[in-house]
Amino acid sequence: MSAVLPEQKLVRSLRIQARVIGALLMREIITRYGRHNIGFLWLFVEPMMFTLGVLALWTALGLHKVVLPIVAFTLSGYASVLLWRNTINRCGNAVEPNRALMHHRNVRIIDLYVSRIILEISGASISFLILSVVFMATGLVGMPDDLLKILIAWFLLAWFSLDMALIIGSLSVLSESVDRIWHVVSYLFLPLSGAFFMVDWLPTYAQELVLWIPTVNCTELLREGLFGNLVRAHYSVGYVVLVNMLLLLPGLLLVRYVGLHLEGE
Amino acid sequence: MKTLPKWIRDRLFLFSVVIPTALAFLYYGFIAADVYISESRFVVRSPERQTTSPLGLILKGAGISRAQDDAFVVQDYILSRDAMLTLEKELGIKSAYSRPNGDFLGRFPGLDWDDSLENFYRYYQKVVAVQLDPSSSIATLTVRAFTAEEAQKINQRLLDHAEELVNRLNKRAQEDMIRFAENEVAKAEAKARQAALALADYRNRENVINPEQQAVIPLQQIAKLQEELINTQTQIAQLEQLARNNPQLPVLRKQAEMLKAEIERVSANIAGAVDKSLASKSAEFQRLALEKEFADKMLASAMSSLELARNEAQRQQLYLEHISAPSFPDAAMEPRRVRNILAVFLMGLVMWGVLSLTVAAVKEHVD
């Protein structure tokens, strides 16, 4: 009998996991968006309605002649909120509806999280992309200044969302109150997340404080990518990477712990 | 191999913790060159400036105002290409930072091949830093170099140039202010001279000093003549009633006529259709006199505003005050070797944790 090399075993496991996640993804798409109503399209209609509403509000107040293009500003802010909020919220309740699937040996708890995270991240990304293209085509949004910066910012924000989703998701399995508390916290966190302000608008002492928040750094970078020299962005990519790295560890540990905990039941 | 504990044989651990930490230990322990930091502190001060807008007052009260915009000017200058080029000309800093006493990563251009000035400018922005403390507006200038002397020298030169810049700004502002006031004075002077000349010219031409004062004497003359005329006419009337044949009568009549003629002549001199009359001269004289008076006043006010501008310029001087002179570091404060090795080690541990957990999660899937 030829010994199976550990690498081959790992690749085999990876292939199985990919198939599991793929299957879960299809299931999630159908349960998330359904086949009735406009279904999948809500992904774009929701942020579009919000952006248009804000645009109308600003125009009515006569504030649309500010330095920044307000449509692009609102769109980028809402899109980034959508990214972290949906990703984290959806993982708060990932296990319970899929409990029955856990009887399959190869459906692990991390697969449930990963499939939801992938779905939410790609949903938010596609929505941001398509809305940007639509607004660009209608001239409401100018061409971005630096595409690479936008991509990096988006990636870092998605990474942060993944970390938080793993942490909040597994904690809410352990205690239901975590999910409820998180909803409150996420509303409180909304104005602090950097989606609706630029750091440069704040007084100096507040700038230093607010830059401790990883999402603020991401939105700053995102806006520098969008507007270039129109804005004076404050951010540190290194800091965000560090925080993301440090948060990933407890996230994975918690997921592992929850997996053992559920199996023990 | 068998004797080694399992966690060392773990390849993940090897790549994420052991190798990075060993590399960091090698670099920071044996290769990394000492970096000396010279620090100086200064403050850019301008005498109290009045806040004009009420919003500004409120903001200032709340401590939000960004005081000392002038410090930003100095900060921008120190970090500019201009400052870098000046230092390159004076001290040759580019070659100073490329010398082999810096290690291969820390010196310019490091692992890059591009040794252009533009690339050096990016390097320059890393070794020179200006930090502004927003509450006290004290600026801290730090310069990193591979020798203590260089760090101090560069810091000193930068400080000198910053001071020159402030002085230049002062001089420019003063000159602008005073030059404007001086121009005004010169213009007023020319006008005053012109008005005085025009008046003198008129006096010479028209043979008159001040028509109104000159008219006083002829008017008194007229009054006297008229009195005499009335007297004479009274006498004539008396004689005509009492002694018709008085031989004095024709004489008196003649006298009255002469008086009338004289009155007419004198009054024509003062006011009359004749060009020579004082009244016709008075209008032109008044205009010229007024013009002169006006020009004199203008000159006086221009002079006083020049004085004011001089004072103001003196008062609005910017000062770059040194709080502490560039220090001469007697020990290299960077790189922080142990701390950096430790940081690499800890990051490696986190990395290893993440990777091994991920691998474990994948491995849970089996046929």
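Residues numbered from 1 in each chain as written. Chains lettered and ligands numbered in written order. Predicted model: local features only at pLDDT ≥ 70, side-chain atom pairs only at ≥ 80, totals over all residues. Heavy atoms only, no water.

Enquirer: Help me understand the overall build of chain A in this model?
Expert: Within chain A, the regular secondary structure consists of nine helices and zero strands. Its helices and strands in sequence order give chain A the pattern α-α-α-α-α-α-α-α-α, from N to C terminus. Relative to the compact-globule value of 18 Å for 265 residues, chain A shows a C-alpha radius of gyration of 20 Å, a close match. Principal-axis analysis of the C-alpha atoms places the extent of chain A at approximately 75 × 45 × 40 Å. Taking the contacts inside chain A whose residues are at least 6 apart along the sequence as the reference set, 76% of them involve residues at least 24 apart. When the accessible area of chain A is evaluated, it comes to approximately 13,800 Å², of which 69% is carbon and sulfur surface. (Helix = DSSP H or I, 4+ residues; strand = E, 2+ residues; numbered from the N terminus. Rg over C-alpha atoms; globule rule 2.2 N^0.38 Å. Contact = heavy atoms within 4.5 Å. Areas by Shrake-Rupley, 256 points an atom, 1.4 Å probe, with all protein chains shown as cover.)

Enquirer: Explain helix H5 (residues 147-174) of chain A to me, please; I cannot follow it from the model alone.
Expert: Three or four residues apart is the spacing at which side chains of an α-helix point the same way, because the helix has 3.6 residues per turn. Taking 1.5 Å of rise per residue, 28 residues should cover 40 Å, and H5(A) covers 41 Å from first to last C-alpha, within 8% of that figure. Two to three positions downstream of the cap, the backbone nitrogen of Leu148(A) sits 3.1 Å from a side-chain oxygen, assigning the N-cap of H5(A) to Asp146(A). (Expected span 1.5 Å × (residues − 1). Polar contact = N/O pair within 3.5 Å; in protein donor to acceptor, adjacent residues only side chain to side chain.)

Enquirer: Hey, could you run me through the state of the cysteines in this one?
Expert: Structurally, a disulfide amounts to a covalent bond that connects the sulfur atoms of two cysteines. Residue and element names in this part refer to chain A. Under the criterion given, the structure shown has zero disulfides over all chains. Free of any disulfide, Cys91 has its nearest neighbouring cysteine sulfur in Cys218, separated by 18 Å. The class for Cys91 is buried, based on a relative accessible area of 1%. Residue classification places Cys218 among the buried residues on the basis of a relative accessible area of 3%. (Disulfide = S-S within 2.5 Å. Buried < 20%, exposed > 50% of the residue type's maximum accessible area, 1.4 Å probe, protein only.)

Enquirer: I would appreciate a short explanation of the pairing of strand E3 (residues 138-145) of chain B in the present structure.
Expert: One face of the sheet, then the other: side chains in a regular strand alternate in exactly this way. All names here are of chain B. Within E3, six of the eight residues are buried, which leaves it mostly tucked inside the rest of the structure. Note that strand E1 (residues 36-45) and E3 share eight bridges and pair antiparallel. Of the residues in E3, the one forming a bridge with Ser40 is Leu141. Inspection of the sheet shows strand E2 (residues 128-132) paired to E3 by five bridges, in the antiparallel sense. Residue pairing across strands places Val130 opposite Leu141, the latter belonging to E3. (Pairing = 2+ DSSP bridges.)

Enquirer: I would appreciate a short explanation of the domain arrangement of chain B in the present structure.
Expert: A common way to express how large an interface is: the accessible area buried when the components associate. Assigned domains within chain B: domain 1 (10-178 + 318-352) and domain 2 (186-314). Each of domain 1 of chain B and domain 2 of chain B was reduced to a C-alpha centroid, and the two centroids are 82 Å apart. (Domains from an automatic or database assignment.)

Enquirer: Looking at this structure, I do not really get the sheet that holds strand E4 (residues 319-324) of chain B. What am I missing?
Expert: Two orientations exist for strands paired in a sheet by backbone hydrogen bonds: parallel and antiparallel. Residues and elements named next belong to chain B. Read across the sheet, four strands follow the order E2-E3-E1-E4 without closing on themselves; strand pairing throughout is antiparallel. Strand pairing shows two members of the sheet lacking a second neighbour, E2 and E4, which therefore form its edges. Direction aside, the axes of adjacent strands within the sheet are offset by 25 degrees on average. On the sheet, helix H7 (residues 117-127) packs against E2 and E3 and is oriented at approximately 50 degrees with respect to E2. (Axes fitted to C-alpha atoms, helices over the stretch in contact; angles between N-to-C directions.)

Enquirer: Is there a simple way to explain a nonpolar patch on the surface in this structure?
Expert: All names here are of chain B. On the surface, Leu14, Phe15, Val18, Ile19, Leu23, Phe25, Leu26, Phe30, Ile31, Phe104, Leu105 and Leu111 cluster together to form a nonpolar patch covering roughly 1,100 Å² of accessible area. With respect to the helices and strands, Leu26 occurs in helix H2 (residues 11-31). Look at Leu26 and you get partly exposed, because its relative accessible area is 45%. (Patch = residues over 30% accessible without salt bridge, like charges linked within 9 Å, V, L, I, M, F, W, Y side chains within 5 Å. Salt bridge = Lys/Arg side-chain N within 4 Å of Asp/Glu carboxyl O.)

Enquirer: Just checking my understanding: could you explain the side chain of His365(B) for this structure?
Expert: Within the secondary structure, His365(B) sits in the segment after helix H13 (337-363). Residue His365(B) is classed as buried on the basis of its relative accessible area, which comes to 0%. Leave out the neighbours within four places in its chain, and His365(B) touches Ser13(A), Ile16(A), Gln17(A), Asn106(A), Arg108(A) and Asp111(A).

Enquirer: Would you explain helix H3 (residues 70-91) of chain A in this entry?
Expert: Helix length check: H3(A) (22 residues) gives 32 Å between terminal C-alpha atoms against 32 Å at 1.5 Å per residue, within 8%. Of all 22 residues in H3(A), 20 are buried, a share of seventy percent or more.

Enquirer: Mind showing me how you'd approach the interface of chain B and chain A here?
Expert: Listed by partner, the interface residues are 20 residues for chain B and 25 residues for chain A. A buried area of about 2,100 Å², summed over both sides, lies between chain B and chain A, and 65% of it is on carbon and sulfur atoms. Between Arg256(A) and Glu364(B) there is a salt bridge whose closest N-O contact spans 3.8 Å. At the junction of chain B with chain A, the criterion picks out four residue pairs in polar contact (both at pLDDT 80 or more). With twelve residues, H13(B) is the single largest residue contributor to the side of chain B that touches chain A. Of the residues assigned to the side of chain B that touches chain A, the class counts are twelve nonpolar, three polar and five charged. (Buried area = accessible area lost by both parts, 1.4 Å probe. Nonpolar A, V, L, I, M, F, W, Y, C, P; charged D, E, K, R; others polar.)

Enquirer: Got a minute to help me understand the packing of helix H10 (residues 216-242) of chain B against helix H11 (residues 248-270) of chain B in this structure?
Expert: Think of two packed helices as two axes; the pair is described by the angle between the axes and how far apart they sit. Residue and element names in this part refer to chain B. At their nearest, the axes of H10 and H11 sit 9 Å apart, and the two run at 155 degrees to each other. On the basis of their axis angle, the class for H10 and H11 is roughly antiparallel. Here H10 runs over H11; the crossing is left-handed. For the contact of H10 with H11, the residue count by class is 14 nonpolar, eight polar and five charged. (Parallel < 35°, antiparallel > 145°, perpendicular 65-115°, else oblique. Left-handed = near helix turned anticlockwise from the far one by under 90°.)

Enquirer: Help me out: how do you make sense of the pattern of salt bridges in this one?
Expert: Side chains carrying opposite charge are able to pair once their charged atoms draw close together. Residue and element names in this part refer to chain A. Under the criterion given, the structure shown has 22 salt bridges over all chains. Across the pair Lys149 and Glu224 runs a salt bridge whose closest N-O atoms are separated by 3.1 Å. Taken as a pair, Lys149 in helix H5 and Glu224 in helix H8 (residues 214-227) lie far apart in primary sequence, 75 residues in all. For Lys149, a relative accessible area of 25% corresponds to the partly exposed category. Across the salt bridge formed by Arg232 and Asp200, the nearest N and O atoms sit 3.8 Å from each other.

Enquirer: Sorry, what's going on with the packing of aromatic side chains here?
Expert: Working definition: an aromatic ring pair is given by the centre-to-centre distance plus the angle between the planes. Applying the stated criterion to the full structure yields 13 aromatic pairs over all chains. With a centroid separation of 5.0 Å and 85 degrees between ring planes, the pair formed by Phe13(B) and Trp352(B) is classed as edge-to-face. Of this pair, Phe13(B) sits in helix H2 while Trp352(B) sits in helix H13; the two residues are 339 residues apart in sequence, bridging distant segments of the chain. The exposure class assigned to Trp352(B) is partly exposed, which follows from its relative accessible area of 25%. Taking the centre distance of 5.9 Å and the plane angle of 25 degrees together, the rings of Phe120(B) and Tyr123(B) count as stacked. Remark: Tyr123(B) and Phe120(B) occur in helix H7; sequence separation between them is three residues, near one turn of the helix. As far as the burial class goes, Phe120(B) and Tyr123(B) line up, both buried. These aromatic residues form a ring-pair network of at least three members: Tyr97(B), Phe120(B), Tyr123(B) and Phe146(B). Its guanidinium or amino end placed over the ring of Phe73(A), Arg223(A) lies 4.0 Å from that ring's centre, counting from NZ or CZ. (Phe/Tyr/Trp six-rings, centres within 6.5 Å; stacked < 30°, edge-to-face > 60°. Lys NZ or Arg CZ within 6 Å of the ring centre and 35° of its normal.)

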